[in-house]
Amino acid sequence: MTSTVLPASHPLNCDTGSSWLVSAYRGTRPEVTPVWFMRQAGRSLPEYRELRVGRRMLDACLDPDMAAEITLQPVRRHGVDAAIFFSDIVVPLKLAGVPVEIETGVGPVFPAPVDTPAAVQALIAEHPPQGLAGALEPISAGVRKAVAGLRLLHDGRDPLIGFAGAPFTLAAYLVAGRPSKDHLAARTMIHRHPDAWASLLDWCADLSGRFLRAQVLAGASAVQLFDSWAGSLPAAVYAEHVAPSSRKTFDAVRDLTDEEGRRVPLVHFAVGAGELYGVLDLDVDCIGVDWRTPIDEAHARMGGRCAVQGNLDPALLGAPWPVLADAVDDVLRRGRAAPGHVFNLGHGVPPGTDPEVLTRIVDHVHSR
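Residues numbered from 1 in each chain as written. Predicted model: local features only at pLDDT ≥ 70, side-chain atom pairs only at ≥ 80, totals over all residues. Heavy atoms only, no water.

Asks: Teacher, can you tell me more about the sheet that holds strand β6 (residues 222-227) here?
Replies: Across a sheet, strands are paired by hydrogen bonds formed along the backbone, either parallel or antiparallel in direction. The strand order β2-β5-β6-β8-β9-β10-β11 describes an open sheet built from 7 strands, whose pairing is parallel. Of all strands in the sheet, those bounded by a partner on one side alone are β2 (83-84) and β11 (341-345). Two elements, strand β5 (residues 160-165) and β6, share 5 bridges in a ladder whose sense is parallel. Across the sheet, Phe163 pairs through a bridge with Gln224, a residue of β6. Its contacts with the sheet put helix α9 (residues 167-176) on β5 and β6, and the angle it makes with β6 is roughly 40°. (Pairing = 2+ DSSP bridges. Helix = DSSP H or I, 4+ residues; strand = E, 2+ residues; numbered from the N terminus. Contact = heavy atoms within 4.5 Å. Axes fitted to C-alpha atoms, helices over the stretch in contact; angles between N-to-C directions.)

Asks: Any chance you could explain the pattern of salt bridges here in plain terms?
Replies: Any two side chains of opposite charge can pair, so long as their charged atoms come close to each other. Scanning all chains against the criterion turns up 25 salt bridges. A salt bridge links Arg292 to Asp290; the nearest nitrogen and oxygen atoms lie 2.4 Å apart. When salt bridges that share partners are traced, they join Asp251, Arg254, Arg263, Asp283 and Asp285 into one network. (Salt bridge = Lys/Arg side-chain N within 4 Å of Asp/Glu carboxyl O.)

Asks: Looking at this structure, I do not really get the side chain of His183. What am I missing?
Replies: By secondary structure assignment, the location of His183 is in the loop between α9 and α10 (184-192). Take His183: its relative accessible area is 7%, and that puts it in the buried class. Beyond its immediate stretch of four places on either side in the chain, His183 contacts Ala172, Trp229 and Ser232. (Buried < 20%, exposed > 50% of the residue type's maximum accessible area, 1.4 Å probe, protein only.)

Asks: I would appreciate a short explanation of the packing of helix α15 (residues 321-335) against helix α16 (residues 355-367) in the present structure.
Replies: When two helices pack together, their arrangement is given by the angle between their axes and by how far apart the axes lie. Contact geometry for α15 and α16: axes closest at 11 Å, N-to-C directions at 45°. In terms of orientation, α15 lies oblique with respect to α16. Regarding α15 and α16, the two cross each other, and that crossing is right-handed. Facing Trp321, Leu324, Ala325, Val328, Asp329 and Leu332 of α15, the residues of α16 in contact are Val357, Arg360, Ile361, His364 and Val365. Here the residues of the contact of α15 with α16 are counted per class, giving 8 nonpolar, 1 polar and 2 charged. (Parallel < 35°, antiparallel > 145°, perpendicular 65-115°, else oblique. Left-handed = near helix turned anticlockwise from the far one by under 90°. Nonpolar A, V, L, I, M, F, W, Y, C, P; charged D, E, K, R; others polar.)

Structure, rendered in structure tokens:
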């Protein structure tokens, strides 16, 4: 693959290339273990709740000023070592013209399930990925504003992480038409209509890949692909019917490098993936681990291929500090098994979390 060198003004070339986070993602051990939290920008912060009053989720994601401000809030409050761009996994679908709304207490809802070959064919014909190009400007603008804000904090050393949903998770929503507890509709379609399923995932991968590339070109220093529902699949089914589409998503940014020829760090996070770590052959730099599997065991199942991220159980955020501190130390100790470790939760920050607890964890990790 021919490399595309990012411009000299890109943060990876002038600010974040030697940051703790990027160093850890690239498999080295910086002087301090970097830490950030999935869903760090969100309902656990009173400033976020105040800003979101009267604004629907997708409207907030597509407002560059608001998206940038929400992205920066946890960096200011907690002193985390990275920001993650505030968005939602269905934003690329929305920008491609797919009708979708996020209903409070429910999640993404579509007018009708995309669960037959005819429905898949119609979706792809009506919403070609190429049409996403012009619609991505609010995302690019939000990233640029967030990067400009980060450059005013901590001497610009904090990277911005780009964000996208993995094809399987997008497809699971589309096939069911709404969130599902068991993702039975998607799991059934894999076997009932394998060709249509492959086409749907290929289309989702194209959208998510373009979404990630726009964020990197606008200033993101790394990207993370979230596969919320991958754990519902057997390893063999995941490897055959899902992994190729996730690899294709990452392919959209693999060519982007800094001036020294090092690619933008690629991170994959799947929930409930304990049985999948042995087949996560995605050619990425770091794999996020959820709370169910000790992070050193997960790394061993991966064959020691890359850096790891995680994986404190979010339930411990409500525990007494001595219990929580011991759990943080255990994750840090186990993380030493990998060439690089980024401390994080094993899933997102629960909405009811006391923000002071997160700040205290950041200070504790930095002191170790």
